[in-house]
Amino acid sequence: MTKFGVVQMNSGMDPEANLEVMEGQLKHLKTQGARLVLTPENCLVFGTKEDYDKHAEVLGHGPLQKKLSQLAFELGIWLVMGSFPIRNNDGTLSTTCLVYDAAGNLRASYEKLHMFDVDIADNHRSYRESDTFKSGDNLVLVDTPFGTLGLSICYDIRFPQLYSALRQRGADIIVVPAAFTKVTGAAHWEVLLRARAIETQCWVLAAAQCGSHQGGRETYGHSMIVDPWGQVVTGLNEQIGTAWADIDLASNSAIRSKMPVMQHARLQCAMK
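Residues numbered from 1 in each chain as written. Predicted model: local features only at pLDDT ≥ 70, side-chain atom pairs only at ≥ 80, totals over all residues. Heavy atoms only, no water.

A. Quick peek at the packing of helix H1 (residues 15–31) against helix H3 (residues 63–75). Axis separation between H1 and H3 bottoms out at 11 Å; the angle between their running directions is 15°. Here H1 is positioned roughly parallel relative to H3, judged by the angle of their axes. Once H1 is placed against H3, the crossing between them reads as right-handed. Residues Pro15, Glu16, Leu19, Met22, Glu23, Leu26, Lys27 and Lys30 of H1 lie in contact with H3, whose contacting residues are Leu64, Lys67, Leu68, Leu71 and Leu75. Classifying every residue of the contact of H1 with H3 by side-chain character gives 8 nonpolar, no polar and 5 charged. (Axes fitted to C-alpha atoms, helices over the stretch in contact; angles between N-to-C directions. Helix = DSSP H or I, 4+ residues; strand = E, 2+ residues; numbered from the N terminus. Parallel < 35°, antiparallel > 145°, perpendicular 65-115°, else oblique. Left-handed = near helix turned anticlockwise from the far one by under 90°. Contact = heavy atoms within 4.5 Å. Nonpolar A, V, L, I, M, F, W, Y, C, P; charged D, E, K, R; others polar.)

See below:
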(Lines give C-alpha, C1' and ligand atoms only; values in the text may rest on other atoms or scores of the structure.)
Protein backbone atom coordinates (compact mmCIF):
# COMPACT_ATOMS: atom_id res chain seq x y z
CA MET A 1 0.00 0.00 0.00
CA THR A 2 1.03 3.61 -0.60
CA LYS A 3 -0.34 6.62 1.26
CA PHE A 4 -1.65 9.42 -0.96
CA GLY A 5 -2.83 12.82 0.25
CA VAL A 6 -5.10 15.62 -0.97
CA VAL A 7 -4.94 19.29 -0.01
CA GLN A 8 -7.99 21.55 0.30
CA MET A 9 -7.41 25.31 0.12
CA ASN A 10 -9.07 28.72 -0.04
CA SER A 11 -6.62 30.29 -2.46
CA GLY A 12 -6.54 33.95 -3.44
CA MET A 13 -4.67 36.10 -5.92
CA ASP A 14 -1.36 36.30 -3.96
CA PRO A 15 0.84 33.31 -4.89
CA GLU A 16 3.27 33.82 -2.00
CA ALA A 17 0.45 33.71 0.56
CA ASN A 18 -1.03 30.64 -1.11
CA LEU A 19 2.37 28.97 -1.24
CA GLU A 20 2.90 29.49 2.49
CA VAL A 21 -0.41 27.81 3.31
CA MET A 22 0.22 24.98 0.87
CA GLU A 23 3.70 24.32 2.22
CA GLY A 24 2.31 23.81 5.72
CA GLN A 25 -0.27 21.37 4.41
CA LEU A 26 2.32 19.42 2.42
CA LYS A 27 4.56 19.14 5.48
CA HIS A 28 1.64 17.85 7.51
CA LEU A 29 0.87 15.19 4.91
CA LYS A 30 4.54 14.23 4.80
CA THR A 31 4.44 13.55 8.56
CA GLN A 32 1.45 11.26 7.92
CA GLY A 33 3.55 9.25 5.48
CA ALA A 34 2.10 10.51 2.20
CA ARG A 35 4.23 9.66 -0.84
CA LEU A 36 2.16 11.56 -3.40
CA VAL A 37 0.06 14.70 -2.80
CA LEU A 38 -2.52 16.42 -4.99
CA THR A 39 -3.34 20.14 -4.61
CA PRO A 40 -6.43 21.97 -5.95
CA GLU A 41 -6.99 23.74 -9.22
CA ASN A 42 -5.66 27.33 -9.18
CA CYS A 43 -3.71 26.46 -6.06
CA LEU A 44 -1.15 29.28 -6.25
CA VAL A 45 -3.16 31.86 -8.20
CA PHE A 46 -6.96 32.13 -7.94
CA GLY A 47 -8.20 35.48 -9.17
CA THR A 48 -8.92 37.46 -12.30
CA LYS A 49 -7.64 37.20 -15.85
CA GLU A 50 -5.14 39.92 -14.98
CA ASP A 51 -3.86 37.93 -11.98
CA TYR A 52 -3.25 34.83 -14.09
CA ASP A 53 -1.50 36.87 -16.75
CA LYS A 54 0.67 38.62 -14.16
CA HIS A 55 1.92 35.41 -12.55
CA ALA A 56 2.00 33.07 -15.57
CA GLU A 57 5.32 31.38 -16.31
CA VAL A 58 6.80 29.48 -19.24
CA LEU A 59 6.61 25.74 -18.65
CA GLY A 60 9.61 24.53 -16.63
CA HIS A 61 10.85 28.03 -15.84
CA GLY A 62 10.10 30.75 -13.32
CA PRO A 63 10.38 31.40 -9.58
CA LEU A 64 7.08 29.79 -8.60
CA GLN A 65 7.78 26.57 -10.48
CA LYS A 66 11.27 26.54 -8.93
CA LYS A 67 9.71 26.69 -5.47
CA LEU A 68 7.37 23.83 -6.31
CA SER A 69 10.31 21.75 -7.48
CA GLN A 70 12.22 22.54 -4.29
CA LEU A 71 9.27 21.59 -2.12
CA ALA A 72 8.89 18.21 -3.80
CA PHE A 73 12.62 17.58 -3.40
CA GLU A 74 12.89 18.76 0.21
CA LEU A 75 9.87 16.72 1.32
CA GLY A 76 10.72 13.74 -0.87
CA ILE A 77 7.20 13.48 -2.27
CA TRP A 78 5.57 13.34 -5.69
CA LEU A 79 3.74 16.66 -5.96
CA VAL A 80 0.81 17.08 -8.33
CA MET A 81 0.13 20.80 -8.63
CA GLY A 82 -3.56 20.94 -9.55
CA SER A 83 -3.21 23.78 -12.02
CA PHE A 84 -0.95 26.73 -12.71
CA PRO A 85 -1.09 29.44 -15.43
CA ILE A 86 1.44 28.61 -18.13
CA ARG A 87 2.34 31.03 -20.93
CA ASN A 88 2.50 29.40 -24.35
CA ASN A 89 4.82 30.36 -27.20
CA ASP A 90 2.02 32.27 -28.90
CA GLY A 91 1.35 34.36 -25.78
CA THR A 92 -1.85 32.56 -24.77
CA LEU A 93 -2.29 31.02 -21.33
CA SER A 94 -3.09 27.42 -20.44
CA THR A 95 -4.33 26.24 -17.06
CA THR A 96 -1.90 23.39 -16.55
CA CYS A 97 -1.44 20.53 -14.09
CA LEU A 98 2.23 20.01 -13.16
CA VAL A 99 3.66 16.74 -11.83
CA TYR A 100 6.96 16.75 -9.91
CA ASP A 101 8.72 13.61 -8.73
CA ALA A 102 10.40 13.22 -5.35
CA ALA A 103 13.68 14.52 -6.77
CA GLY A 104 11.98 17.76 -7.85
CA ASN A 105 11.95 16.95 -11.56
CA LEU A 106 9.00 18.09 -13.66
CA ARG A 107 7.77 14.75 -15.00
CA ALA A 108 4.59 15.79 -16.82
CA SER A 109 2.21 18.62 -17.60
CA TYR A 110 -1.42 18.53 -18.68
CA GLU A 111 -3.37 21.42 -20.21
CA LYS A 112 -7.03 21.39 -19.19
CA LEU A 113 -9.13 20.09 -22.08
CA HIS A 114 -12.58 21.43 -21.24
CA MET A 115 -13.19 25.11 -20.53
CA PHE A 116 -15.80 26.05 -17.92
CA ASP A 117 -18.00 28.40 -19.99
CA VAL A 118 -21.34 28.21 -18.17
CA ASP A 119 -23.99 30.25 -16.37
CA ILE A 120 -24.67 29.37 -12.73
CA ALA A 121 -27.30 30.63 -10.30
CA ASP A 122 -24.78 32.02 -7.80
CA ASN A 123 -23.22 35.39 -6.93
CA HIS A 124 -20.70 35.15 -9.76
CA ARG A 125 -23.40 34.13 -12.27
CA SER A 126 -21.30 33.78 -15.44
CA TYR A 127 -18.08 31.82 -15.95
CA ARG A 128 -16.07 32.10 -19.17
CA GLU A 129 -12.81 30.26 -18.66
CA SER A 130 -12.01 30.40 -22.37
CA ASP A 131 -11.70 34.19 -22.06
CA THR A 132 -8.53 33.56 -20.03
CA PHE A 133 -7.20 30.17 -21.03
CA LYS A 134 -6.61 28.18 -24.19
CA SER A 135 -7.85 24.59 -23.98
CA GLY A 136 -5.43 21.70 -24.34
CA ASP A 137 -5.53 18.92 -26.89
CA ASN A 138 -3.79 15.92 -25.33
CA LEU A 139 -4.38 13.13 -22.86
CA VAL A 140 -1.57 12.79 -20.33
CA LEU A 141 -0.58 9.82 -18.20
CA VAL A 142 2.42 9.60 -15.88
CA ASP A 143 4.25 6.49 -14.74
CA THR A 144 5.13 6.69 -11.04
CA PRO A 145 6.55 4.17 -8.56
CA PHE A 146 3.01 3.86 -7.19
CA GLY A 147 1.10 3.25 -10.42
CA THR A 148 0.10 5.12 -13.56
CA LEU A 149 -1.59 8.50 -13.03
CA GLY A 150 -4.21 9.85 -15.42
CA LEU A 151 -4.46 13.64 -15.32
CA SER A 152 -7.60 15.77 -15.48
CA ILE A 153 -8.81 19.11 -14.10
CA CYS A 154 -12.20 20.13 -12.65
CA TYR A 155 -14.77 20.57 -15.46
CA ASP A 156 -13.19 17.60 -17.26
CA ILE A 157 -15.05 15.40 -14.75
CA ARG A 158 -18.29 15.89 -16.73
CA PHE A 159 -16.85 14.18 -19.80
CA PRO A 160 -16.66 10.42 -19.14
CA GLN A 161 -15.08 9.67 -22.51
CA LEU A 162 -11.88 11.34 -21.27
CA TYR A 163 -11.70 9.02 -18.28
CA SER A 164 -12.48 5.97 -20.35
CA ALA A 165 -9.58 6.91 -22.63
CA LEU A 166 -7.26 7.34 -19.63
CA ARG A 167 -8.23 3.89 -18.38
CA GLN A 168 -7.72 2.35 -21.83
CA ARG A 169 -4.21 3.80 -21.87
CA GLY A 170 -3.32 2.25 -18.54
CA ALA A 171 -4.42 4.58 -15.74
CA ASP A 172 -4.53 3.09 -12.24
CA ILE A 173 -5.19 6.35 -10.41
CA ILE A 174 -6.93 9.45 -11.77
CA VAL A 175 -6.46 12.92 -10.27
CA VAL A 176 -9.14 15.62 -10.28
CA PRO A 177 -7.90 18.96 -8.93
CA ALA A 178 -10.85 21.34 -8.87
CA ALA A 179 -12.47 24.64 -7.99
CA PHE A 180 -16.07 23.43 -8.23
CA THR A 181 -18.68 26.10 -7.57
CA LYS A 182 -20.70 25.73 -4.38
CA VAL A 183 -23.94 25.33 -6.37
CA THR A 184 -22.73 22.69 -8.83
CA GLY A 185 -20.62 20.98 -6.18
CA ALA A 186 -23.56 20.40 -3.88
CA ALA A 187 -25.52 18.91 -6.76
CA HIS A 188 -22.94 16.88 -8.68
CA TRP A 189 -19.40 16.73 -7.21
CA GLU A 190 -19.52 13.47 -5.28
CA VAL A 191 -21.72 11.59 -7.70
CA LEU A 192 -19.47 12.50 -10.64
CA LEU A 193 -16.30 11.44 -8.83
CA ARG A 194 -17.81 8.15 -7.72
CA ALA A 195 -19.19 7.49 -11.20
CA ARG A 196 -15.79 8.05 -12.83
CA ALA A 197 -14.19 5.68 -10.31
CA ILE A 198 -16.81 3.00 -10.93
CA GLU A 199 -16.66 3.32 -14.71
CA THR A 200 -12.86 3.21 -14.92
CA GLN A 201 -12.24 0.91 -11.94
CA CYS A 202 -9.53 3.36 -10.91
CA TRP A 203 -8.73 5.18 -7.69
CA VAL A 204 -9.79 8.82 -7.92
CA LEU A 205 -8.02 11.59 -5.98
CA ALA A 206 -9.95 14.87 -5.85
CA ALA A 207 -8.51 18.05 -4.28
CA ALA A 208 -10.75 21.11 -4.21
CA GLN A 209 -10.93 24.79 -3.41
CA CYS A 210 -13.35 25.80 -0.64
CA GLY A 211 -15.10 28.88 0.72
CA SER A 212 -15.46 32.45 -0.56
CA HIS A 213 -12.97 34.02 -2.96
CA GLN A 214 -12.39 37.40 -4.57
CA GLY A 215 -14.92 38.41 -7.20
CA GLY A 216 -17.84 36.73 -5.47
CA ARG A 217 -16.83 33.17 -6.24
CA GLU A 218 -17.78 30.42 -3.79
CA THR A 219 -16.28 26.95 -4.05
CA TYR A 220 -17.61 23.72 -2.63
CA GLY A 221 -14.66 21.92 -1.04
CA HIS A 222 -15.34 18.29 -0.09
CA SER A 223 -12.02 16.92 -1.34
CA MET A 224 -12.02 13.14 -1.26
CA ILE A 225 -10.35 9.88 -2.23
CA VAL A 226 -12.57 7.30 -3.93
CA ASP A 227 -11.68 3.64 -4.41
CA PRO A 228 -12.24 1.62 -7.64
CA TRP A 229 -15.54 0.29 -6.28
CA GLY A 230 -16.84 3.85 -5.97
CA GLN A 231 -16.64 4.12 -2.19
CA VAL A 232 -15.44 7.35 -0.56
CA VAL A 233 -12.48 6.22 1.54
CA THR A 234 -11.77 9.61 3.10
CA GLY A 235 -12.91 13.18 2.62
CA LEU A 236 -13.21 16.71 3.93
CA ASN A 237 -16.05 19.16 4.44
CA GLU A 238 -16.00 22.82 3.40
CA GLN A 239 -12.96 23.87 5.46
CA ILE A 240 -9.26 24.17 4.62
CA GLY A 241 -7.46 20.93 5.45
CA THR A 242 -5.87 17.70 4.31
CA ALA A 243 -6.96 14.09 3.90
CA TRP A 244 -5.03 10.92 3.15
CA ALA A 245 -5.55 7.22 2.54
CA ASP A 246 -3.63 4.04 1.81
CA ILE A 247 -4.06 3.05 -1.83
CA ASP A 248 -3.74 -0.60 -2.76
CA LEU A 249 -3.63 -1.27 -6.49
CA ALA A 250 -4.43 -4.92 -5.80
CA SER A 251 -8.03 -3.78 -5.37
CA ASN A 252 -8.00 -2.46 -8.95
CA SER A 253 -6.86 -5.83 -10.24
CA ALA A 254 -9.39 -7.79 -8.19
CA ILE A 255 -12.33 -5.65 -9.31
CA ARG A 256 -11.23 -5.63 -12.96
CA SER A 257 -10.80 -9.40 -12.92
CA LYS A 258 -14.23 -10.07 -11.45
CA MET A 259 -15.99 -7.44 -13.59
CA PRO A 260 -13.98 -6.94 -16.82
CA VAL A 261 -15.99 -4.01 -18.15
CA MET A 262 -13.30 -2.82 -20.54
CA GLN A 263 -13.33 -6.17 -22.34
CA HIS A 264 -17.14 -6.10 -22.41
CA ALA A 265 -17.43 -2.61 -23.90
CA ARG A 266 -19.14 -2.77 -27.32
CA LEU A 267 -19.54 0.90 -28.25
CA GLN A 268 -16.72 0.79 -30.81
CA CYS A 269 -18.29 -2.26 -32.45
CA ALA A 270 -21.70 -0.57 -32.57
CA MET A 271 -20.25 2.54 -34.21
CA LYS A 272 -18.61 0.68 -37.12
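From this point, the narrative continues.
B. Local environment of the sheet that holds strand E2 (residues 36–38). Strands sit in the order E5-E4-E3-E2-E1-E16 across an open sheet of 6 strands; the sheet is mixed. Every interior strand has two partners, whereas the edge strands, strand E5 (106–111) and strand E16 (241–247), have only one. Adjacent strand axes in the sheet meet at a mean angle of 25° when their direction is disregarded. Sheet analysis places strand E4 (residues 93–100) next to E5, joined by 5 bridges and oriented antiparallel. (Pairing = 2+ DSSP bridges.)

C. Representation of the side chain of Thr200 within the structure. Relative to the assigned elements, Thr200 resides in helix H5 (residues 182–200). Here Arg196 takes part through its backbone oxygen, which lies 2.7 Å from a polar atom of the side chain of Thr200. Apart from residues lying up to four places away in sequence, Thr200 is in contact with Tyr163, Ser164, Arg167, Ile174 and Arg256. (Polar contact = N/O pair within 3.5 Å; in protein donor to acceptor, adjacent residues only side chain to side chain.)

D. View of the pairing of strand E3 (residues 78–87). Across the 10 residues that make up E3, a large majority, 9, are buried. Bridge count for E3 against E4 is 7 bridges, and the pairing is antiparallel. Looking across to E4, one finds that Pro85 is bridged to Thr95. (Buried < 20%, exposed > 50% of the residue type's maximum accessible area, 1.4 Å probe, protein only.)

E. Representation of the sheet that holds strand E10 (residues 173–178) in the model. Taken in spatial order, the 6 strands make up an open sheet running E8-E9-E10-E11-E14-E15, and their pairing is mixed. Sheet topology places strand E8 (141–144) and strand E15 (232–235) at the edges, where each strand pairs with a single neighbour. Across the sheet, the mean angle separating the axes of adjacent strands is 20° when strand polarity is ignored. Alignment of E10 against strand E11 (residues 203–208), held across 6 bridges, turns out to be parallel. From the neighbouring strand, Val175 faces E11, where its bridge partner is Leu205.

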